[in-house]
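The chain contents come next:
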Amino acid sequence: MKIISAKVIVTCPGRNLVTLKIETDSGVYGIGDATLNGRELAVVSYLQDHVIPTLIGKDPHRIEDIWQYLYRGAYWRRGPISMTAIAAVDVALWDIKAKIAELPLYQLLGGKSREKVMVYGHATGLDIESCLTEVERHIELGYKAVRVQCGIPGIATTYGVAKEAGKPYEPADSSLPSEHVWSTEKYLNHVPSLFKAVRERFGEDLHILHDVHHRLTPIQAARLGKEVEPYHLFWLEDCTPAENQSAFELIRQHTTTPLAVGEVFNSLHDCQELIQKQLIDYIRAPITHAGGITNVRRIADFAAVFQVKTGFHGATDLSPVCMGAALHFDTWVPNFGIQEHMPHSPETESVFSHAYQFKDGFFTPGETPGHGVDIDEELAANYPYKPAYLPVNRLEDGTLWNW
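Some details on the overall build of the protein chain
Helix and strand counts for the protein chain stand at 13 helices and 18 strands. Over its C-alpha atoms the protein chain spans a radius of gyration of 21 Å, differing by no more than 12% from the 22 Å that the globule rule assigns to 403 residues. Seen through its principal axes, the protein chain has C-alpha atoms that stretch 60 × 45 × 45 Å. Residue burial in the protein chain is summarised as follows: out of 403 residues, 57% are buried. Pairs at least 24 residues apart make up 73% of the contacts formed inside the protein chain by residues separated by at least 6 positions. Of the accessible surface of the protein chain, which amounts to about 16300 Å², a share of 53% is contributed by carbon and sulfur atoms. Across the protein chain, the 36 positively charged side chains and the 50 negatively charged ones have centroids separated by 3 Å.

Put into structure tokens, the structure is as follows:
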């Protein structure tokens, strides 16, 4: 069997999404997600100009060899653009292999480790009370775990909070990057009261998650982790930038609040120290940005040795293809923790058909051969690419701050 063609499909049914389709001489094809929010066209170019020409004529069954060829052969290793491109190829090849075997993808990974996959939803509010209303709505939908984010008094725009009440959270702007004002002090003084209110209203059974989005220094993150200990968070996510992995040692010394990090990681090298020294509890490197199933499996196996669990990124800046692949991986991986879930728009759901299903706070990946997600290319063409960028943040004195 040989790869005879591959093409990149760019569509924007609400969010810009990039899909790689690989076709074989058997008539079987596979698709992979190549979306990198705000830098989509860089990945498109990398695939079209540098990756696809090297795939033609290769045996699609040789997934590991092709992965190594794309990773080592380029000489310029790692980085989000190249690893997202490699991930798209990898997921598409796993899709092909599972379709030929006439098995759902999780079976090729080793079969089920669980019957269903717990996911968490996103509850946001302009203030605490409106956030509590959204938490209640998610509980009514069946979620057992909810990420909570609310507006901060004195800050016009807060990360994780929808711009309008009742609307989904959407960080990107369809223009050049907007600039938001951020106050660490106001955030630290206010956010513990959110968790207090959630526990008082909904009790201890609900899993509470929160995303800091890299905005604190290590000592500030340690303070927050310590102050929220009475509210028993499921995790505190991205509490400080992780380029300096040893920074988490300081945080770990001061708090028992579980820590999650990694949605911007693209290799084991980004988190080796964090895992090996048990400085985190959950690793969030997504399949689409971390080199695909082949590479994330290596990360997960390494993490299992140190009792670190998976908690994959699953925002709507990743397509249903990534969600489908992740749910198959989640179904297999022994050290599963939780899966993020942000519902895609109806337009996105119409472009990408999928076998996975949600019920009472859990997903199942479906039994369709492959990862169970497909793209309607004709419909996708009705949603052309639109430039969109994530905002940047400045402190109240104008200093550019961590995103």
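Don't stop here, the text continues.
Describing helix α5 (residues 128-141)
Spacing of three or four residues puts side chains on the same side of an α-helix, whose turn is 3.6 residues. Its 14 residues give α5 an end-to-end C-alpha distance of 20 Å, which sits within 8% of 20 Å, the value for a rise of 1.5 Å per residue. Along α5, the residues classified as buried are Ile128, Cys131, Leu132, Glu134, Val135 and His138. Take α5 and look down its axis: the buried residues cluster within an arc of 160°, on one side only. On its buried side, α5 packs onto β4 (117-125), β5 (145-150) and α6 (184-202).

Re the sheet that holds strand β18 (residues 400-401)
The three strands are arranged β6-β17-β18 in an open sheet whose pairing can be described as mixed. Strands at the two margins of the open sheet, each flanked by one partner only, are β6 (179-182) and β18. Strand direction decides the pairing type here: β6 and strand β17 (residues 392-395), joined by four bridges, are parallel. Within β17, the position partnered with His180 by the bridge is Asn393.

Describing the side chain of Gln149
With respect to the helices and strands, the residue Gln149 is situated in strand β5. We classify Gln149 as buried; its relative accessible area is 3%. Of the polar contacts made by the side chain of Gln149, one reaches the backbone nitrogen of Asp211; its length is 2.8 Å. Not counting residues within four places of it along the chain, the set of residues in contact with Gln149 comprises Ala123, Thr124, Gly125, Cys131, Tyr159, Gly160, Val161, Leu194, His210 and Asp211.

Brief notes about the pairing of strand β7 (residues 207-211)
Counting buried positions along β7 gives four out of five residues, so the element sits mostly inside the fold. Taken together, the three bridges between β7 and strand β8 (residues 235-237) define a ladder with parallel strand orientation. When the bridges of β8 are listed, His210 appears paired with Leu236. For the crossover that starts at β7, traverses helix α7 (residues 218-227) and ends in the parallel β8, the hand is right-handed.

Overview of unusual backbone geometry
Of note in this structure, Tyr75 is not a glycine but carries a positive phi near 70°. Its location among the elements puts Tyr75 in the loop between α2 (63-72) and α3 (80-101). Even without being glycine, His213 reaches a positive phi, approximately 60°. With respect to the helices and strands, His213 occurs in the loop between β7 and α7.

Here we look at the packing of aromatic side chains
A complete count under the given rule lists 13 aromatic pairs for this structure. Between Lys99 and the ring centre of Tyr29, over which it is positioned, the NZ or CZ distance is 4.3 Å. Against the face of Trp67 rests Arg298, its NZ or CZ located 4.8 Å from the ring centre.

Some points on helix α1 (residues 40-55)
At Leu47, α1 is deflected by roughly 40°, the largest bend along its length. If you check which residues of α1 are buried, you get Glu40, Val43, Val44, Leu47, Val51, Ile52 and Leu55. Taken together, the buried residues of α1 touch β1 (3-11), β2 (17-24), α2 and α3. Looking one or two residues beyond α1, the residue adopting positive phi is Gly57, at roughly 95°.

Concerning the pattern of salt bridges
Two side chains with opposite charge may pair up if their charged atoms get near one another. Across all of its chains, the model carries 21 salt bridges by this definition. A salt bridge links Glu115 to Lys112, with the nearest nitrogen and oxygen atoms 3.6 Å apart. For Lys112, a relative accessible area of 40% corresponds to the partly exposed category. One connected set of salt bridges, linked through shared partners, spans Glu237, Glu263, Arg284 and Glu340.

Conventions adopted
Residues numbered from 1 in each chain as written. Predicted model: local features only at pLDDT ≥ 70, side-chain atom pairs only at ≥ 80, totals over all residues. Heavy atoms only, no water. Helix = DSSP H or I, 4+ residues; strand = E, 2+ residues; numbered from the N terminus. Rg over C-alpha atoms; globule rule 2.2 N^0.38 Å. Buried < 20%, exposed > 50% of the residue type's maximum accessible area, 1.4 Å probe, protein only. Contact = heavy atoms within 4.5 Å. Areas by Shrake-Rupley, 256 points an atom, 1.4 Å probe, with all protein chains shown as cover. Lys, Arg positive; Asp, Glu negative; His and termini not counted. Charge placed at Lys NZ, Arg CZ, Asp CG, Glu CD. Expected span 1.5 Å × (residues − 1). Arc of directions from axis to C-beta. Pairing = 2+ DSSP bridges. Polar contact = N/O pair within 3.5 Å; in protein donor to acceptor, adjacent residues only side chain to side chain. Right-handed = clockwise from strand over helix to strand, strands pointing away. Phe/Tyr/Trp six-rings, centres within 6.5 Å; stacked < 30°, edge-to-face > 60°. Lys NZ or Arg CZ within 6 Å of the ring centre and 35° of its normal. Bend = angle between axes of the 7 residues up to and from the residue. Salt bridge = Lys/Arg side-chain N within 4 Å of Asp/Glu carboxyl O.

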